[in-house]
Amino acid sequence: MDNLLATLSRHPYFACVPPKILTAIHARVITRHYKKGALIYSEGEPSQGLYLAASGTVRIFRSSADGREQDLHHIVAGQSFGDDAALDDSPTLANAEAVEPAVVELVPRDTVRELMMRYPEIGLSFSRVLAGRVRELSALAGDLSLRHVVSRLAALLLRLAEPGSVAVLPTRHELAAQIGTVREVAARGLRYLERLGAIRLEPRRRATILDRHKLDDLTGNPSAPSARLAREKSHSEGRGLAKASS
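These lines cover the structure that appears in this document, whether it is placed above or below. (Residues numbered from 1 in each chain as written. Predicted model: local features only at pLDDT ≥ 70, side-chain atom pairs only at ≥ 80, totals over all residues. Heavy atoms only, no water.)

### Considering a positive patch on the surface
Formally: Only residues whose relative accessible area exceeds 30% and that take part in no salt bridge are eligible for patches, with like-charged residues grouped when within 9 Å of each other and nonpolar side chains (Val, Leu, Ile, Met, Phe, Trp, Tyr) grouped when within 5 Å. Accessible surface area values rest on a Shrake-Rupley calculation with a 1.4 Å probe, where residue burial reflects the displayed protein chains alone. By definition, a salt bridge exists where a carboxyl oxygen of Asp or Glu is found within 4 Å of a side-chain nitrogen of Lys or Arg. By the counting rule applied here, Lys and Arg register as positive and Asp and Glu as negative, while His and the ends of each chain are not counted. Lysine's charge is taken at NZ, arginine's at CZ, aspartate's at CG and glutamate's at CD. Strands here are runs of E lasting at least two residues and helices are runs of H or I lasting at least four, both read from the DSSP assignment and numbered beginning at the N terminus. The rule is simple: take the accessible area with a 1.4 Å probe, protein chains only, and divide by the maximum for that residue type; under 20% is buried, over 50% is exposed, in between is partly exposed.
Together, Arg 172, Arg 188, Arg 191 and Arg 195 give the surface a local cluster of positive charge. Along the polypeptide, Arg 188 turns up in helix α7 (residues 183-196). Residue class for Arg 188 comes out partly exposed when judged on its relative accessible area of 36%.

Right under this line is the structure:
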C-alpha cells in the first residue's frame, strides 16, 4: 500500500490530492506486473483508464501494416501513459510495451473523472503534461518529415550530378517543388547533407558531391549499391580512356 501511495503522490496529476483521498482510492487502483516485452495494450483498444508506471520502462509506439515501428515516448517510473484515451473515451492511439520488467498502476476512468471534478487542479496538471507531449510529438514529426525530405533530396542530387560530381541546383522554389516540400525545409535538408559530409555547397547554386555512398544510403533504394558500382566502373573506365589518349 505504501508503494502505491508513493506512486500516486509523486505524480503531478495527484500531487494536490490530500493523503486521505489517495488512501480512499487505493482499493480502486489495479496493480499489474509485466515481463520484458509484454504488451500492455494495443493500438485501437478501448481505454481502461490511466496508467502510472511504478517501476520499469514502458515504450509507447505505433506500427504500420508492413511491420515498421515508430517510438513515440518512453515512460519511466513516476510518469503516466494512456492519458488521452482515459479522458475522452476514444480507443488507445498507440501500443504500450514493457521494455523491461515493469509494475504499472491502473486508475480506472471513472475514478480519474471523479477526482478531476472534485479537484480542478488535476485538470490543470493534465493540461501541462499533455502540452509537453504535444511538443515532443511536434518535434518528432519535424524530424520524420526532414528524414523523408533528405532521402528525396539525396536522390535528386545524385541525378543532377550525373555523370560527374557537381550538381547544378534549381532555384530554392523549384528544388522544393521537385522533392515535395517547402523552401525552408529544402534549405534545411541541404545544410544537413553538408554537415553530414555528403556534399559541399558552392556559390552559384552548385553542390559538390563529396560522398556518393552516404547519398546512396540516404535514398533507401535497394538498387543503390549496384547503381553505385556501375557509376564507379564508368568513372574508372573514363579515367582509363583519358590516360590512354594522353
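### Considerations on unusual backbone geometry
As a rule of thumb, non-glycine residues mostly have phi less than zero, and peptide bonds are mostly trans rather than cis. A cis amide bond, omega 0 degrees, links Glu 162 with the succeeding residue Pro 163. Of note in this structure, Arg 204 is not a glycine but carries a positive phi near 55 degrees. In this structure, Arg 204 sits in the loop between β10 (199-202) and β11 (206-209).

### Quick word on the nonpolar core
Looking at soluble globular proteins, one finds that nonpolar side chains tend to be buried together. Selection rule: Residues grouped as a nonpolar core are buried Ala, Val, Leu, Ile, Met, Phe, Trp, Tyr and Cys residues, joined through side-chain atoms within 4.5 Å. Contact definition: two residues touch when any of their heavy atoms are within 4.5 Å.
Grouped together as the largest cluster of nonpolar side chains are 23 residues, with contacts concentrated most on Leu 153, Leu 157, Leu 190, Leu 193, Ile 199 and Leu 215. Secondary structure elements with two or more residues in this core: α5 (120-161), α6 (172-179), α7 and β11. The element that contributes the greatest number of residues to this core is α5, accounting for nine residues. Setting aside chain neighbours within four positions, we find Leu 157 in contact with Ala 167, Leu 169, Leu 190, Leu 193, Ile 199, Ala 207 and Ile 209.

### A word on the pattern of salt bridges
For the structure shown, the criterion picks out five salt bridges. Among the ionic pairs, Arg 28 bridges to Glu 114, the shortest N-O distance being 3.0 Å. With Arg 28 in the loop between α2 (19-24) and β1 (30-34) and Glu 114 in helix α4 (residues 109-118), this residue pair connects regions lying 86 residues apart in the sequence. Glu 97 is paired through a salt bridge with Arg 59; the nearest N and O atoms lie 3.1 Å apart. Note that Glu 97 is positioned in strand β7 (residues 95-98) and Arg 59 in strand β4 (residues 58-63), a separation of 38 residues in sequence. Of the residues examined, Arg 59 reaches a relative accessible area of 12% and is grouped as buried.

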